[in-house]
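# Summary of the model geometry
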Amino acid sequence: MKDKNPKPATKSTGARNGAGVIIDFLKKSGVELVFGYPGGAVIPLYDALYDSGIRHILTRHEQAAIHAADGYARSTGRIGVVFATSGPGATNLVTGLANAHMDSVPLVAITGQVATTSLGSDSFQEADIYGISIPVTKYNYLVKDPRMLPKVLAEAFYLAGSGRPGPILVDVPKDIQTTVIDTPFPTKPVSIPGYIPRPPVDQKQVEAMVAALTMSRRPIVYLGGGATITGVAPEIIKIAESLDTAVATTLPAKGVFPDDHPLSLGLPGMHGTKYANLAINESDLILALGVRFDDRVVGDVRRFAPRAMVVHVDIDPAEIGKRLAPDIAVVGDLKTVLGLALKIVKPTEKSAWRKRIAQLKAEFPLFVPRSELEIKPQAVIKTLSDLTAGESIIVTDVGQHQMWAAQHYVSKKPRRFLSSGGLGTMGFGLPAAMGAQLALPGEKTVLITGDGSFQMNIQELATIREHNLPVKILILNNGCLGMVRQWQQFFFDHRHSESIFGFNPDFAKLAQVYGLSACRVKKPEEMDGAVRNLLAGDGPALLDVMVAREENVLPMIPPGMGQTDFYEEKG
Amino acid sequence: MKKLISILARNRPGVLSHVAGLITRRGYNVESIAAGPTEHPDITRITLVVAGDEHILEQVVRQFRKLIDVISVEVPSYGHALTGELALISISADSVIREEILNLATLLGLKVMDIQEDSLTLMAVGTAHTVDTAVVRFSAYSIKALARTGVVALPKPIPESG
C-alpha cells in the first residue's frame, strides 16, 4: 500500500511508521509483555514488534489474550496490554473489556482497523469497535490522523492507570500503521481538561469520618476493590486494630485484610459468612472504602445495615449515592484519605464489639462438610488453603467454585486472589492465571475452576504448555453448571433446565495430550495427596477433582433480600 | 421534574456517541439534546433537558462529569440561564382559516417560512416557553409536521472562555 504522508518523511531520526510509533511508545513506557493475536489489520504492528525485544504471548483466542492482560494487571497493578486485529479480533475483546471495566482494571487494548479509506464501507473484517466499545471502556480512540498517534497513546496509558483505573481501547487503521511520521512523543505530562484523577480531599470530611469512627461502638470497614488498587493494606490494619473495627472484605478486596485476623469478617453479602452479615446488621457505622454497594454484597439496599451510619470513601464521585446515599461522603484516593485519617485518629478501645465479633464468629462459623463417600468441594479448598498457607496466587473462574474459594481460601496478601467480580465472566480463570504467572514467575499460581468455566477458554492449555508456565489447575468437577443448578434447585423447584452436562471429556487425559502432567481424583481419602502432588511439580499441572454434584454454596441470601434473610435449605 | 443540563465538552469525533450512549445505558429520560460549537473551536456545548427526580438528576450530572471528554457540567435553573429554541411548524391552512392562523402567528411573533395552497409553515424562535406556547396554540389547528431544535442554554453569568 502506498502511504499517504501528511508530511513527507524528513531525515529526522524520529521518522517511523505508525506501527513503529506504537512499539516505540510501549518500549518507552517500560512495557515488557504484551498479549495478543495477529491478523490482517495488525500485520504492520506485528512487523514492528518482531525485533523490538518486547515479549509477546500468542494466545489461542483474543478473549484469552485480554483476560491474560487482565490477570497481569490485577496481580501487579501495572497496565496490561493486548493486541488484536480488526473485526472478529476486536469483537472478541469485548467481554474482556467489559470484565476489566467492571472491576476497574487498567488495560490498553490496541486493535487494528481497516484502512481509513475503507472505513464505513463494510469491508472485510471491519467492525465498528470504537462504537461497540464505548460502554465497556473508560475511554476509547479511533485514530484517523497518524500525527495524533503519539498523543493518543500517551493519553491512553495515562487514562488507563490514573484515577479510577480502567480499560482503554485504541483502534488504529492499517494505513495509519504504515504511514511514516516524525511527530515526537509529547514531552509534557498529559493533562485532560475536566479529568481530575486525584480529586482534592476535603479535610473536613475526613475529620467527620474520623469522628464518626471514633464515636461508633460497633464499626465495620466494608472493603472494596479500591483498597486493592490503592494498596492500603497497612492503613486498614492500623485502623482496624486501633479502633477495634471489624473488616468485611468483598471479592476484589480479598487479601487486603488478612482473612485469619481476629477482626476479619471475611466475605459479606449473598454468599458471605453469616457472621459478616449479622455483624453488618448490628453495626452502627459502616466505613465503606472503595466500594460500589454492589447488589451481590448489599442485597436489598433499603435493608442494608439498618442501624448504621454510612461513610463512603471513593475516588469516583459518580459512585457516591449511586445505590445508597451515605451519611458522610469523602471523595478521594483511598491512600490519601486514610493517610490523613490516621494522622488524627486516636486509638479507641471497643472491647464489647471485639467480643461480639468473636462471639458471632464462634457461633456461626463457616462450615466445611466432610464425607467418606464423595469429595466435598469446600474440603478441597480448605486443603489447598492449608497446603499453600495462603501464600499462592489464587485465580478463580466463575460459579460455585469461585464462592467456595472466596469463603474457604485464607488469603493474607493483596493482589493474590484474582477473580472476575463485577461481570462474573466464566472463562476468565485460565488466561488470567497465565497472565499472573507471567507477571510473577517466582510465585505459585493456582487456578481454581469448574468444569463449566474451564471449557470456556480450555484452548489456552496450549499457550500454558508452549511457555511451560507452572500454573496449577484445580478443577472442581461436578458435571454441571453448579450455580445455575443450585438456583434452579432453590428457586425453580429442581427444574434443572440445561444446567447439567450430558458429556464432559476426561480433563486429565485432555491435559496430558496438551503435555501437562495431570490426573483425576474421585476418592475422598485420596484428595489430600492428589492436591499435594498437584502443587509439588515444577511445570504446568492439572488435577480433576470429581466432587459431589448436588453440593450448594451456603450460606446464601437470595437475590434482593435483606442482610439476614438467610436461605434455609429444605430437607 | 425537568432540568437543564449544560455541558462543555472537548470537541472530538466521538463525544456525542459517549453522551448519547451514557443516556441509553443508564436509562435516563432525555427530552431534548442540542449540540453545537462554542466560541472556542475545541469545545462543544451540549444542552440537555432531562426529566427525573432529584436523585436521578444528581446521578445524571455525576455520570456526565465522569465522561473523559466532558470538561464541565452545569445545572442552571431556568431563571439562571438564557435559553433559546427554534421550531418549524407546518399547519394545514386552507383559504378559510389562513388569515386566522396568520393573525395568531403575528400575535405570537412567528415568522412565515413557506406558504402553500393548503398549508403554512411558521418558525417560532424564542425561549422554550415561547416555542411551547406556539406549539400548544397551533395544536388547535391541524399540525402537519413539527421540528424542534431542543433547548440551547447559556448559564448566567456567561463563563469565561476556556
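Residues numbered from 1 in each chain as written. Chains lettered and ligands numbered in written order. Predicted model: local features only at pLDDT ≥ 70, side-chain atom pairs only at ≥ 80, totals over all residues.

In terms of regular secondary structure, chain A is built from 23 helices and 20 strands. Computed over the C-alpha atoms, the radius of gyration of chain A is 25 Å, within 12% of the 25 Å expected from 2.2 N^0.38 for a compact globule of 571 residues. In terms of overall dimensions, chain A has a C-alpha envelope of 75 × 60 × 40 Å along the principal axes. Taking all 571 residues of chain A together, the buried fraction comes to 54%. Sequence-distant contacts in chain A: of pairs separated by 6 or more residues, those separated by 24 or more amount to 77%. (Helix = DSSP H or I, 4+ residues; strand = E, 2+ residues; numbered from the N terminus. Rg over C-alpha atoms; globule rule 2.2 N^0.38 Å. Buried ≥ 20, exposed ≤ 12 C-beta atoms within 10 Å, placed from the backbone. Contact = placed C-beta atoms within 7 Å.)

Of regular secondary structure, chain B possesses four helices and nine strands. The N-to-C order of helical and strand elements in chain B reads β-α-β-β-α-β-β-α-β-β-α-β-β. Along the first, second and third principal axes, the C-alpha atoms of chain B reach 55 × 30 × 30 Å. The burial tally for chain B puts 25% of its 162 residues in the buried class. At a minimum sequence separation of 6, the contacts of chain B that also span at least 24 residues come to 75%.

Turning next to the domain arrangement of chain A. For interface size, the figure often reported is the accessible area lost on association. All names here are of chain A. Taken domain by domain, chain A consists of domain 1 (16–181), domain 2 (203–363) and domain 3 (377–546). The distance between the C-alpha centroids of domain 2 and domain 3 comes to 30 Å. Taken together, the contacts link 15 residues of domain 2 with 13 residues of domain 3. Among the residues forming the side of domain 2 that touches domain 3, the class breakdown is six nonpolar, six polar and three charged. (Domains from an automatic or database assignment. Nonpolar A, V, L, I, M, F, W, Y, C, P; charged D, E, K, R; others polar.)

This paragraph deals with the confidence of the model for chain A. Residues and elements named next belong to chain A. Overall, the predicted model of chain A reaches an average pLDDT of 96, with 97% of residues at or above 70. The low-confidence segment residues 1–5 (pLDDT under 50) makes eight contacts with residues lying over four places distant or belonging to another chain. In the predicted structure, residues 7–12 sits below a pLDDT of 50 and forms six contacts with residues beyond four places in sequence or in another chain. (pLDDT = per-residue confidence, 0-100.)

The next subject is the nonpolar core. Counting residues in each nonpolar core, the largest one holds 208 residues, and the members touching the most others are V82, L107, V108, V170, L223 and I236 of chain A. Those residues in contact with V108 of chain A that lie beyond four places of it in its chain are I79, V81, A156, F157, A160, I168 and V170 of chain A. (Core = buried A, V, L, I, M, F, W, Y, C linked by C-beta atoms within 7 Å.)

Once that is clear, we can look at the pairing of strand β3 (residues 43–51) of chain B. Successive residues of a regular strand alternate their side chains across the two faces of the sheet. All names here are of chain B. Where strand β1 (residues 2–10) and β3 come together, nine bridges link them in antiparallel fashion. Across the sheet, the residue bridging to L8 is R45, located in β3. Direction of pairing for strand β2 (residues 29–37) relative to β3: antiparallel, over a ladder of eight bridges. The partner of I33 across the bridge, within β3, is L48. Hairpin connection of β2 to β3: five residues between the antiparallel strands. (Pairing = 2+ DSSP bridges.)

Right, let's talk about the interface of chain A and chain B for a bit. On the side of chain B, 17 residues touch chain A, which itself brings 15 residues to the contact. When its residues are assigned to classes, the side of chain A that touches chain B shows 10 nonpolar, three polar and two charged.

Below, the discussion takes up the packing of helix α9 (residues 203–215) of chain A against helix α14 (residues 334–344) of chain A. All names here are of chain A. Interaxial distance between α9 and α14 falls to 9 Å at its minimum, and their mutual angle equals 60°. Overall, the two elements α9 and α14 adopt an arrangement that is oblique. Relative to α14, the crossing made by α9 is right-handed. Packed against α9, whose contacting residues are Q203, V206, E207, M209 and V210, the element α14 presents V337, L340, A341 and I344 at the interface. Residue classes in the contact of α9 with α14 are distributed as seven nonpolar, one polar and one charged. (Axes fitted to C-alpha atoms, helices over the stretch in contact; angles between N-to-C directions. Parallel < 35°, antiparallel > 145°, perpendicular 65-115°, else oblique. Left-handed = near helix turned anticlockwise from the far one by under 90°.)

All names here are of chain A. Counting buried positions along helix α5 (residues 94–102) gives eight out of nine residues, so the element sits mostly inside the fold. The complete set of buried residues in α5 reads V94, T95, G96, L97, N99, A100, H101 and M102. If you follow the buried residues of α5, they end up packed against α3 (62–76), α4 (88–91), β5 (107–113), α6 (129–133) and β7 (167–173). At the C-terminal side of α5, S104 shows a positive phi close to 55°.

Okay, the environment of L8 of chain B next. Residue and element names in this part refer to chain B. Within the fold, L8 resides in strand β1. Looking at L8, the number of C-beta atoms within 10 Å reads 21, which means it is buried. Apart from residues no more than four positions distant in its own chain, L8 is found in contact with I43, R45, I71 and S72.

Looking now at unusual backbone geometry. All names here are of chain A. Each neighbour pair has its own omega, and for L554 with P555 the value is 0°, a cis peptide bond. Even without being glycine, D122 reaches a positive phi, approximately 55°. Here D122 is to be found in the loop between β5 and α6. A count of 8 C-beta atoms within 10 Å places D122 in the exposed class. The residue E498 is not glycine, and still its phi comes out positive at about 55°. Assignment of secondary structure puts E498 in the loop between α21 (482–491) and α22 (507–513).

Another aspect to go through is the domain arrangement of chain B. Residue and element names in this part refer to chain B. Once the domains are mapped, chain B shows domain 1 (2–75) and domain 2 (82–152). Relative placement of domain 1 and domain 2: their C-alpha centres are 29 Å apart. Counting residues at the interface gives six residues for domain 1, matched by four residues for domain 2. Broken down by secondary-structure element, the contributors of at least two residues to the side of domain 1 that touches domain 2 are β2 and β3. Of the residues forming the side of domain 1 that touches domain 2, the biggest block, three residues, is contributed by β2.

What follows is about the sheet that holds strand β4 (residues 70–74) of chain B. Residues and elements named next belong to chain B. Pairing in this open sheet of four strands is antiparallel, and the strands run β2-β3-β1-β4 from one edge to the other. On the outer flanks of this sheet lie β2 and β4, each paired with one strand and no other. Each neighbouring strand pair of the sheet contributes to a mean axis angle of 20°, computed without reference to strand direction. Of the pairings in the sheet, the one linking β1 to β4 comprises four bridges and is antiparallel in character. Within the sheet, the bridge partner assigned to A9 lies in β4 and is V70.

Residues and elements named next belong to chain A. Residues A246 and A248 of strand β10 (residues 246–249) are buried on one face, and the alternating residues V247 and T249, pointing to the opposite face, are buried as well. Pairing analysis gives four bridges linking strand β9 (residues 219–223) to β10, with the strands arranged parallel. The residue of β10 that forms the bridge with L223 is T249. Sheet topology note: the β10/strand β11 (residues 264–266) ladder contains two bridges and is parallel. By the bridge assignment for β11, V247 is matched with S264.

Take the environment of G150 of chain B next. Residues and elements named next belong to chain B. Secondary-structure assignment places G150 in the loop between β8 (143–148) and β9 (152–155). Among the residues examined, G150 registers 17 C-beta atoms within 10 Å and is labelled partly exposed. Considering only alpha carbons, one finds G150 and L48, 102 residues apart in sequence, at a separation of 7.9 Å. Non-local contacts of G150, meaning those with residues more than four positions away in its chain, are made with S32, I33, A34 and E85.

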